[in-house]
Amino acid sequence: MTNSRIAAVDVGNDSIKAIFGKLDSELNIPNVIARDVEDRPVIGIEDLDSKNPLEGIHIRVHSPALKENNAIYRVGNLATKSDNATELDPGSSKSEEDQTLVMLFSALALDAVQKDGSTGFKKSGNVIDANYTLGTGLPLREVKEGKDAGYRSKLLGSVHQVEFLVTPKYQGQKVNIKFDEIKVYPEGFAAYINLVMDNNLNIINKDLIDKRILIQDIGGLSTDIAVIKNRNVDDDKAQGFNLGVSEALESIREEIRSKHGVELDSRRDVVEIITKKNDRNHIMVKGSRTSVHDITDRILLDLAKKQYRLLRNVWQKNSQTEICYFVGGGSIVLKDYLKTLNNNLDGYNIDFFEDEKESIWMMANAYYKLISDFARRTNKDKADQDKKPVKAN
C-alpha cells in the first residue's frame, strides 16, 4: 500500500464527487462528456494556462476497460458546451458504461496532476505513475445482479492512461493510473455508514444505530431503498428501482425548449433552475424573467408520486420501520413535493438533510470512511507481519 493514495469516488448521474488522500483534495465535475478532436480550437490560446483547468478538461483516454479505446473527450463543464454532449441514459447500467470510466479516470488524473510532488507518485518527464486505493459504489440493483465483480475486475491489474490535450495548466501531461485495491460498495449501505459513523467508523448517531430504518436514495438513473435492522442492510428486502430524476429533468428541458425557445446546456442547468435560492423556477426569455413553474410542478409532482409509491410499498413490507431518510441529489429536487404528499396522505416518519452539500456528498463521504478504514487495517496487518521474527533454519 506504499504510496497508494486513497480515492473515494461517487460517479453520480449529475456529477462525479471525489475525495482524495487525507481529505486534502476534493473534486466535483458535471457528469457530461463529448467526443472531440485532438486540436480543439481555443480563442486566446496564449492565455490558456491562466484559466481554470476544471473549465477546460480535454483528454485522450487509453484503457483496456473501455469499449472505445484511445478516444478523445471534452469532460465536465467544457462538454456541456458541445452539440454532441452525452449524459447517462435512464435504464443504463452504471457499471457497463464507458462514460462512468471516463469520468472516474478524469478525476483521478486531475488529482494526480494537481497534487504533483506531494503524493509520492513517481514522475518521469511529463508522465506521472499514480497508484490508488479506490472506494466507490454501484446502485443496489447492479450489486444484487453481481455486476460489481465485473466492474472491479476490469479496473484491477491494468494500466489506464489519461493524456491532457488542450487543458489549462496540464497540457501535454500524462497520468498512468493503477489500482492497488478496489472496493465497490452498495450505495444504500454506504448511506447508512455515513449516517451513523464518523471518519474513523466510530458511532456518532446512537439514536439511529439500533433503529429499523429505510434509506431511500434517489439518484439520476435509479432509486435504492436500503432496509436497515440490527445494524445491517437486509440484502433480501433492500430493493433497487430503475426510476431516477434524469428522465424528468430531460422532460423539463425539452418542454422549456419547445415552449420558450430556450436551450439549456444540460440537466444540471435544469436542477439549478429548480433549486436556486432566488428566482426559483424562473428563466430568462429574450431578457425577460419568465416563470416555468407550470412545467416543473407538473413533471416533478408526477415523479414524486411514483417515488412515494415506492416508499409506501417497501414500508408495508417492513411495517416495523421507524423512520425513512431521503438522500441523494434527487431527494433535494423532490423534497418539497414529497413532504406535501406525505402530509396529505399517509404521514410516514420521513426526514431529509437540510444541508444540501451533505446530502449530495453523502456517498463520497461514506466511501471515504470505508476505504480509509480498509487501508488502515491492511497497513496495520502488513506492519504486524513485518514485525514477526524470522525463524532460523
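Residues numbered from 1 in each chain as written. Predicted model: local features only at pLDDT ≥ 70, side-chain atom pairs only at ≥ 80, totals over all residues. Heavy atoms only, no water.

S.K.: Quick question: what am I supposed to make of the side chain of His260 here?
M.R.: Residue position: His260 is located in helix α7 (residues 246-260). The class for His260 is buried, based on a relative accessible area of 19%. Dropping the residues within four chain positions of it, His260 is found in contact with Glu255, Ile283, Val285, Thr290, Ser291, Val292 and Ile295. (Helix = DSSP H or I, 4+ residues; strand = E, 2+ residues; numbered from the N terminus. Buried < 20%, exposed > 50% of the residue type's maximum accessible area, 1.4 Å probe, protein only. Contact = heavy atoms within 4.5 Å.)

S.K.: Any chance you could explain the packing of aromatic side chains here in plain terms?
M.R.: Using the criterion set out here, one finds 7 aromatic pairs in the structure. Aromatic side chains Phe121 and Tyr132 sit 5.4 Å apart centroid to centroid with 65° between the ring planes, which places their arrangement in the edge-to-face category. Highlighted residues: Phe121 in the loop between α2 (98-114) and β7 (122-124) and Tyr132 in strand β8 (residues 127-138), separated in sequence by 11 residues. Judged by its relative accessible area of 12%, Phe121 falls in the buried class. A network of ring pairs unites the aromatic residues Phe20, Phe121 and Tyr132 as a single cluster. Here the guanidinium or amino end of Arg35 rests over the ring plane of Tyr73, the centre of that ring lying 5.7 Å away. (Phe/Tyr/Trp six-rings, centres within 6.5 Å; stacked < 30°, edge-to-face > 60°. Lys NZ or Arg CZ within 6 Å of the ring centre and 35° of its normal.)

S.K.: Looking at this model, I keep getting lost on the side chain of Glu87. Mind explaining?
M.R.: Positionally, Glu87 belongs in the loop between α1 (77-80) and α2. For Glu87, a relative accessible area of 15% puts it in the buried group. A polar contact is formed between the side chain of Glu87 and the side chain of Arg253, at a distance of 3.3 Å. A polar atom in the side chain of Glu87 sits 3.5 Å from the backbone nitrogen of Arg267. Once you skip the residues sitting within four places of it in the chain, Glu87 turns out to touch Asn31, Val32, Gln99, Glu250, Arg253, Ser266 and Arg267. (Polar contact = N/O pair within 3.5 Å; in protein donor to acceptor, adjacent residues only side chain to side chain.)

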